[in-house]
Amino acid sequence: MNPKPFFQIDRVIHEKGRLLIMSLLAASPELSFTDLRDTLKMTDGNLSMHIKTLQEAGFVSVTKSFHRQRPLTTCSLTPAGRRAFVEYIDLLEQIVRQAKETK
């Protein structure tokens with residue numbers, strides 16, 4: 001078995017909470033902080049930290065606005081985030097194929 005793909009896994013995306021966030025954002029153009037929090041059943045603080053990490057990596061864009069005079073925070077994947085997520089999924093598929101070949 002070739003171990004190289006395992007060392008190429010993006011650790012920012014690979015963490016469970018961030019992988020869930022990236023997966024949801026890959027399926028939607030944007031989601032509100034509240035929608036992410038409620039769907040993933042995370043605390044505000046936990047979700048904020050994961051989003052901050054993804055934002056610092058350039059994978060997620062955060063927009064703050066107002067909707068009906070209430071603050072609204074929305075998140076979306078950046079083009080770099082979408083590329084990184086596709087590369088991550090491709091790498092996982094490669095690992096799975098490799099594992100199936102060794103049976």
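What comes next concerns the included structure.

Reading the values: the criteria
Residues numbered from 1 in each chain as written. Predicted model: local features only at pLDDT ≥ 70, side-chain atom pairs only at ≥ 80, totals over all residues. Heavy atoms only, no water. Axes fitted to C-alpha atoms, helices over the stretch in contact; angles between N-to-C directions. Helix = DSSP H or I, 4+ residues; strand = E, 2+ residues; numbered from the N terminus. Parallel < 35°, antiparallel > 145°, perpendicular 65-115°, else oblique. Left-handed = near helix turned anticlockwise from the far one by under 90°. Contact = heavy atoms within 4.5 Å. Nonpolar A, V, L, I, M, F, W, Y, C, P; charged D, E, K, R; others polar. Core = buried A, V, L, I, M, F, W, Y, C linked by side-chain atoms within 4.5 Å. Buried < 20%, exposed > 50% of the residue type's maximum accessible area, 1.4 Å probe, protein only.

**Comments concerning the packing of helix α3 (residues 16-27) against helix α6 (residues 79-101)**
Contact geometry of α3 with α6 gives a least axis separation of 11 Å together with a crossing angle of 110°. Judged by the inter-axis angle, α3 sits roughly perpendicular to α6. The crossing of α3 and α6 is left-handed. Every residue of α6 that contacts α3 at Leu19, Met22, Ser23, Leu25 and Ala26 is listed here: Gly81, Arg82, Phe85 and Tyr88. When the residues that make up the contact of α3 with α6 are grouped by side-chain class, the tally is six nonpolar, two polar and one charged.

**Brief notes about the environment of Thr34**
Take Thr34: it is sitting in helix α4 (residues 33-40). Thr34 sits 40 residues away from Thr74 along the chain, and the two C-alpha atoms are 8.6 Å apart.

**Some remarks on the nonpolar core**
Formed by 22 residues in total, the largest nonpolar core has its most connected members in Met22, Leu25, Ile51 and Val60. Counting only elements with at least two residues in this core, the list comes to α3, α4, α5 (44-56), β3 (70-77) and α6. For this core, the leading source of residues is α6, giving five residues. Setting aside anything within four residues of it in sequence, one finds Leu25 in contact with Leu31, Leu36, Val60, Cys75, Ser76, Leu77 and Arg82.

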